[in-house]
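Given next are the chains, with one letter for each unit.
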Amino acid sequence: MHEVSLMQNLMNVVASAAEEQGGGKVMTVHLRIGRMAGVNADSLRFAFDILSKGTVAEEGKLEIETVPLVIHCRGCSEDFNPEQFSLTCPSCGGKDMMIVTGREMEVDYILLEDEKSETG
Ligand SMILES: [Zn+2]
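Here we summarise the structure given alongside this text. (Residues numbered from 1 in each chain as written. Predicted model: local features only at pLDDT ≥ 70, side-chain atom pairs only at ≥ 80, totals over all residues. Heavy atoms only, no water.)

## Considerations on the coordination of the zinc ion
Stated formally: Each metal's donors are the N, O and S atoms within 2.8 Å of it, or within 3.2 Å when it is Na, K or Ca, and because water is not part of the set, sites may look incomplete. Geometry is assigned from donor-metal-donor angles: four donors are tetrahedral when every angle falls between 85 and 135 degrees, four are square planar and six octahedral when opposite donors sit over 155 degrees apart with all other angles between 65 and 115, and any other arrangement is irregular. Here's how the labels work: a residue is buried when its accessible area is under 20% of the maximum for its type, exposed when over 50%, partly exposed in between, all with a 1.4 Å probe on protein chains only.
Coordination sphere of the zinc ion, protein contribution only: Cys 73 (SG), Cys 76 (SG), Cys 89 (SG) and Cys 92 (SG), at 2.3 Å. Of note is the zinc ion, whose four donor atoms meet at the metal with angles of 107 to 115° in an arrangement that counts as tetrahedral. Positions of the donor residues of the zinc ion, expressed as sequence spacing, correspond to C-x2-C-x12-C-x2-C. By relative accessible area, Cys 73 is classed as buried at 0%.

The following block contains the structure:
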């Protein structure tokens, strides 16, 4: 399953982002995954559990935000929110369709452990 190699790349992004933000532990990793991205959220979670071991994100949790599919017709300038990508415009029947959102696969943000709360 390609989610593992995908998550490996995301973990690299997370690790360098955590370093830039001060190098604390990563408590939350928030991903945005488009409906058309072709990845399985459960597989991603599974991959995260394995790959986060021994990293700054070991104690972190993975949040996955699903981005809906939105397509745009250049013919009639309408936007649609279909269940599946269609090459034909449901409104004017045109075939000049583009995907606006739905193919994202990115780390939206990460949250680091709040070190201030540890001072006692
Ligand atoms: Zn149209």
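## Digging into the pairing of strand E3 (residues 70-73)
The cut-off we apply is this: Secondary structure elements follow DSSP: runs of H or I of four or more residues count as helices, runs of E of two or more count as strands, with numbering from the N terminus. By definition, two strands form a pair when at least two bridges between them are found by DSSP.
Here E3 shows no split at all, with Val 70 and His 72 on one side and Ile 71 and Cys 73 on the other all buried. In this structure, E3 lies alongside strand E5 (residues 97-101), joined through four bridges in antiparallel fashion. Counterpart to Cys 73 in the pairing with E5 is Met 97. Where E3 and strand E4 (residues 79-80) come together, two bridges link them in antiparallel fashion. The partner of His 72 across the bridge, within E4, is Asp 79.

## Let's talk about the pattern of salt bridges
Quick note on the threshold: By salt bridge we mean one thing: a side-chain nitrogen of Lys or Arg within 4 Å of a carboxyl oxygen of Asp or Glu.
What the rule picks out here adds up to six salt bridges. For the salt bridge of Glu 106 with Arg 32, the shortest nitrogen-to-oxygen distance reads 3.1 Å. Residue Glu 106 is located in strand E6 (residues 105-112), and its partner Arg 32 is located in strand E1 (residues 26-34); the two are separated by 74 residues in the primary sequence. For Glu 83, the salt bridge identified is with Arg 35, shortest N-O distance 3.6 Å. You can see Glu 83 sitting in the loop between E4 and E5 and its partner Arg 35 sitting in the loop between E1 and helix H2 (41-51), a full 48 residues away along the chain. Within this structure, Arg 32, Glu 65 and Glu 106 form a network of salt bridges that share partners.

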